Amino acid sequence: MNAATVGLLTGMALGFAAFFGGFWAFLLVAFLGLLGLIIGCIVQGDLTPSDFTRSRDRK
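Attention in this report is confined to the structure presented alongside it. What you are looking at is a predicted structure, and each value in this text was computed from that prediction instead of being measured.

**Concerning the overall build of the protein chain**
Part 1 of the argument: Counting its regular elements, the protein chain contains two helices and zero strands.
Part 2 of the argument: The C-alpha radius of gyration of the protein chain comes to 16 Å, more than 25% above the 10 Å expected for a compact globule of 59 residues.
Part 3 of the argument: Based on the C-alpha atoms only, the size of the protein chain along its principal axes is roughly 55 × 30 × 15 Å.
Part 4 of the argument: By the burial criterion, 3% of the 59 residues in the protein chain qualify as buried.
Part 5 of the argument: About 5,200 Å² of surface is accessible on the protein chain, with carbon and sulfur atoms providing 70% of the total.

Structure below.
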């Protein structure tokens, strides 16, 4: 699935959530989509949990 298709499906899901559920449903769907994206990237190997923490290398 290419990026345009993923963007289209994401936009449609957010649009349906906003139309039928209102603003809070829109925010919930956006948050859960972001969470799913992060988890998917970690499982796929593109991200590691250490990418979200800042290292304090003192040189």
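That was the structure; now back to the text.
**Notes on the packing of aromatic side chains**
Part 1 of the argument: Inspection of every chain in the model, using the stated rule, returns three aromatic pairs.
Part 2 of the argument: Pairing F16 with F20 gives two aromatic rings, centres 6.0 Å apart and planes at 10°, and the pair type is stacked. Of this pair, F16 and F20 both sit in helix α1 (residues 3-21), four residues apart, roughly one helical turn.
Part 3 of the argument: Taking 5.5 Å as the distance between ring centres and 70° as the angle between the ring planes, the aromatic pair formed by F23 and W24 counts as edge-to-face.
Part 4 of the argument: Clustering of aromatic rings is evident, with ring pairs tying together F16, F19 and F20.

**Some points on α1**
Part 1 of the argument: For α1, which comprises 19 residues, the first-to-last C-alpha distance of 26 Å matches the rise-based estimate of 27 Å (1.5 Å per residue) to within 8%.
Part 2 of the argument: At the exit of α1 stands G22, carrying a positive phi of roughly 95°.

**Here we look at a nonpolar patch on the surface**
Part 1 of the argument: Taken together, the side chains of M1, V6, L8, L9, M12, F16, F19 and F20 present a nonpolar region at the surface, about 960 Å² in accessible area.
Part 2 of the argument: Tracing the sequence through the fold places L8 in helix α1.

**Regarding the environment of G15**
Part 1 of the argument: Residue position: G15 is located in helix α1.
Part 2 of the argument: Its relative accessible area of 36% is what places G15 among the partly exposed residues.

**Details of the environment of L34**
Part 1 of the argument: Summarising the element assignment, L34 is placed in helix α2 (residues 23-44).
Part 2 of the argument: The class of L34 is partly exposed, set by a relative accessible area of 47%.
Part 3 of the argument: Between the C-alpha atom of L34 and that of G15, which follows or precedes it by 19 residues, the distance is 16 Å.

About the criteria used
- Residues numbered from 1 in each chain as written.
- Predicted model: local features only at pLDDT ≥ 70, side-chain atom pairs only at ≥ 80, totals over all residues.
- Heavy atoms only, no water.
- Helix = DSSP H or I, 4+ residues; strand = E, 2+ residues; numbered from the N terminus.
- Rg over C-alpha atoms; globule rule 2.2 N^0.38 Å.
- Buried < 20%, exposed > 50% of the residue type's maximum accessible area, 1.4 Å probe, protein only.
- Areas by Shrake-Rupley, 256 points an atom, 1.4 Å probe, with all protein chains shown as cover.
- Phe/Tyr/Trp six-rings, centres within 6.5 Å; stacked < 30°, edge-to-face > 60°.
- Expected span 1.5 Å × (residues − 1).
- Patch = residues over 30% accessible without salt bridge, like charges linked within 9 Å, V, L, I, M, F, W, Y side chains within 5 Å.
- Salt bridge = Lys/Arg side-chain N within 4 Å of Asp/Glu carboxyl O.

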